[in-house]
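# Summary of the model geometry
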Amino acid sequence: MNEKKENLALPLSLKERVHFLDIVRGFAMLGIIIVNYFLIVDSVKGFDMTSNDLVHSLVSSFAEGKFITLFSFLFGVGFMIFIDRAVQRVEHPRMLFARRLMILFCIGLLHITFIWVGDILTFYAVAGFLLFAYYARTPKTILRWIIALIFIQFLAPVLMMVYNAMNTSSPNMPTYFDFTLSSHTSPTYLDSLAARWADMGVMAASSFSTVYSMFLMFLIGMYFVKMDFFTNMEAKQSVWKRIWFISLGAFILTQFSSMVNTLISAENTFWMELFMILGQQGNLTGSMFYMSSLAMLFLYVPGLRKALMVFTKVGRMSLTCYLLHSIIGTVLLLPYAFGLANSIKPIGTLMLSITVYVVLVIFASLWLKRFKIGPMESIWRKLTYGKVNRAPKTVSAKLAQPLNSNLRQ
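Residues numbered from 1 in each chain as written. Predicted model: local features only at pLDDT ≥ 70, side-chain atom pairs only at ≥ 80, totals over all residues. Heavy atoms only, no water.

## Side note on the overall build of the protein chain
A count of helical and extended segments in the protein chain gives 18 helices and zero strands. Per-residue burial for the protein chain yields a buried fraction of 50% across its 409 residues. In the protein chain, of all internal contacts separated by at least 6 residues, the share reaching a separation of at least 24 is 82%. For the protein chain, the accessible area works out to roughly 20700 Å², and carbon and sulfur atoms hold 67% of it. (Helix = DSSP H or I, 4+ residues; strand = E, 2+ residues; numbered from the N terminus. Buried < 20%, exposed > 50% of the residue type's maximum accessible area, 1.4 Å probe, protein only. Contact = heavy atoms within 4.5 Å. Areas by Shrake-Rupley, 256 points an atom, 1.4 Å probe, with all protein chains shown as cover.)

What follows is the structure, given as structure tokens:
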């Protein structure tokens, strides 16, 4: 048993890794950096809803909410890959993953306390515990749950809309609510420490929809692994083509609904709310469209694979790069440090995001030339498995079997 645990504690070798997933993970990190930096700047400036800047509008329409949703999908994929390996090697795989989630939760708490309130790690850790009830289920059962959750996610606001339309005696609810982040306007770092937890309390109180959406994407990620969509992808080109066409159609529908919602007069409350509800599904449809589009490029344009592999560097060190982007962004943008958020324009925020991502790519490339995994990934792994004896750099072909793929080059 000890030998099995030592083998499990080793990171996946390059032959075992599904490079496409690292590409998607690295691409999602780029989107997360862009959205988070715009969030920081907007919060410092007071969330100006009347802004009609083209760059800001493009980020809101095509990035906001979609990349964090894509990252949630990848968390579900990673859960199944981890459990697949753990079931074959340890006696209590659930306990091992529970320990892994608790460590992630603690990292998230440290991230909130000392760096930034916009943390997703704690939410992932909390929602991750819900997956224990599903990892042994059949793909058909998981698909039924996915359909049910999507239906509920769409039906709940529809019922609320109908109720508000019928209950004319109730006071009109505002479309937006005042939301400020005190930690983003604190003049000193020490002031921001206390303000950060006050902000987190407000965010946590309204986090049900966030956890709900995360859990839905976790299940979709689990379903993709159980259906072996990432195994021998070249042999499943027709499957990926269908996924792409479906997600493309759904994404066009949700984007069109969001656009129509902005054009409808406020007097047409029913239609405005209906199109708004359809548009709110854009995070799901957008994340699936982006992921399947990368799959189409990966499968049908082999000449681009080498270029797409640039994303794998950050993808393999996603936890480290996620924390680093928070540190860099808060230091550069918030008032207690350089305070660039007060003066930077949307195009400047976009360029800053891309520049930080390029820096992370260079850092990750240099780091992975000397080490197999990133520094935070190494700490997370050691805390999960405890101290283990040194072992060979790669695991046996037999242990790699659950993740076997001819695309891991």
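## Considering the nonpolar core
Counting residues in each nonpolar core, the largest one holds 112 residues, and the members touching the most others are Phe 20, Phe 73, Phe 224, Phe 230 and Trp 240. With sequence-adjacent residues up to four places away left out, Phe 73 is seen in contact with Met 217, Ile 220, Gly 221, Phe 224, Phe 230, Met 288 and Met 291. (Core = buried A, V, L, I, M, F, W, Y, C linked by side-chain atoms within 4.5 Å.)

## What to know about helix H16 (residues 346–370)
An α-helical segment advances 3.6 residues per turn. Residues three or four places apart therefore align on the same side. Here H16 spans 37 Å end to end across 25 residues, near enough to the 36 Å set by a 1.5 Å rise per residue. In this fold, the buried residues of H16 make contact with helix H2 (19–45), helix H3 (54–62), helix H14 (310–316) and helix H15 (318–333). (Expected span 1.5 Å × (residues − 1).)

## Focus: the pattern of salt bridges
Counted under the stated rule, the structure contains two salt bridges. For Asp 22, the salt bridge is made with Arg 25, and the minimal N-O distance between the two is 2.9 Å. One end of the pair is Asp 22 and the other is Arg 25, both in helix H2 and three residues apart, which spans about a single turn. This pair shows no difference in class: Asp 22 is buried, exactly as Arg 25 is. For Arg 305, the salt bridge is made with Glu 234, and the minimal N-O distance between the two is 3.0 Å. A residue pair is termed long-range when its members are at least 10 positions apart, and Arg 305 in helix H13 (residues 305–308) and Glu 234 in the loop between helix H9 (208–226) and helix H10 (237–263) qualify at 71 residues. Looking at Arg 305, the relative accessible area reads 12%, which means it is buried. Under the relative-accessibility criterion, Glu 234 is labelled partly exposed at 34%. (Salt bridge = Lys/Arg side-chain N within 4 Å of Asp/Glu carboxyl O.)

## Focus on helix H4 (residues 66–89)
In a regular helix each residue adds 1.5 Å, so 24 residues correspond to 34 Å; H4 covers 35 Å between its end C-alpha atoms and thus fits that length. Counting buried positions along H4 yields 19 of 24 residues, so the element is predominantly enclosed.

## What to know about unusual backbone geometry
The bulk of non-glycine residues show a negative phi, and the bulk of peptide bonds are trans. Its identity is not glycine, yet Asp 228 carries a phi of approximately 60°, on the positive side. Within the secondary structure, Asp 228 sits in the loop between H9 and H10. Of note, Asn 232 is a non-glycine position whose phi angle comes to about 50°, a positive value. Its relative accessible area of 28% is what places Asn 232 among the partly exposed residues.

## Let's talk about the environment of Gly 26
For Gly 26, the position within the fold is in helix H2. Given the relative accessible area of 0%, Gly 26 is considered buried. Spatially, the C-alpha atoms of Gly 26 and Arg 316 are 7.7 Å apart, while their sequence positions differ by 290 residues. When near neighbours in sequence (up to four residues on either side) are disregarded, Gly 26 contacts Phe 311, Val 314, Gly 315 and Tyr 357.

## Quick word on the packing of aromatic side chains
As enumerated under the stated definition, the model contains 38 aromatic pairs in all. Seen in terms of ring centroids, Phe 289 and Tyr 290 are 5.9 Å apart; in terms of plane orientation they differ by 50°. Their pairing is tilted. Relative accessible area serves as the criterion here: at 15%, Phe 289 is assigned to the buried category. Above the face of the Trp 380 ring, Arg 100 is positioned so that its terminal group lies 3.8 Å from the ring centre. (Phe/Tyr/Trp six-rings, centres within 6.5 Å; stacked < 30°, edge-to-face > 60°. Lys NZ or Arg CZ within 6 Å of the ring centre and 35° of its normal.)

## Some details on a nonpolar patch on the surface
Together, Ile 347, Met 351, Ile 354, Val 358, Ile 362 and Leu 366 make up a nonpolar patch on the protein surface, roughly 530 Å² of accessible area in all. When you line up the elements, Val 358 lands in helix H16. In this structure Val 358 comes out as partly exposed when scored by relative accessible area, which is 41%. (Patch = residues over 30% accessible without salt bridge, like charges linked within 9 Å, V, L, I, M, F, W, Y side chains within 5 Å.)

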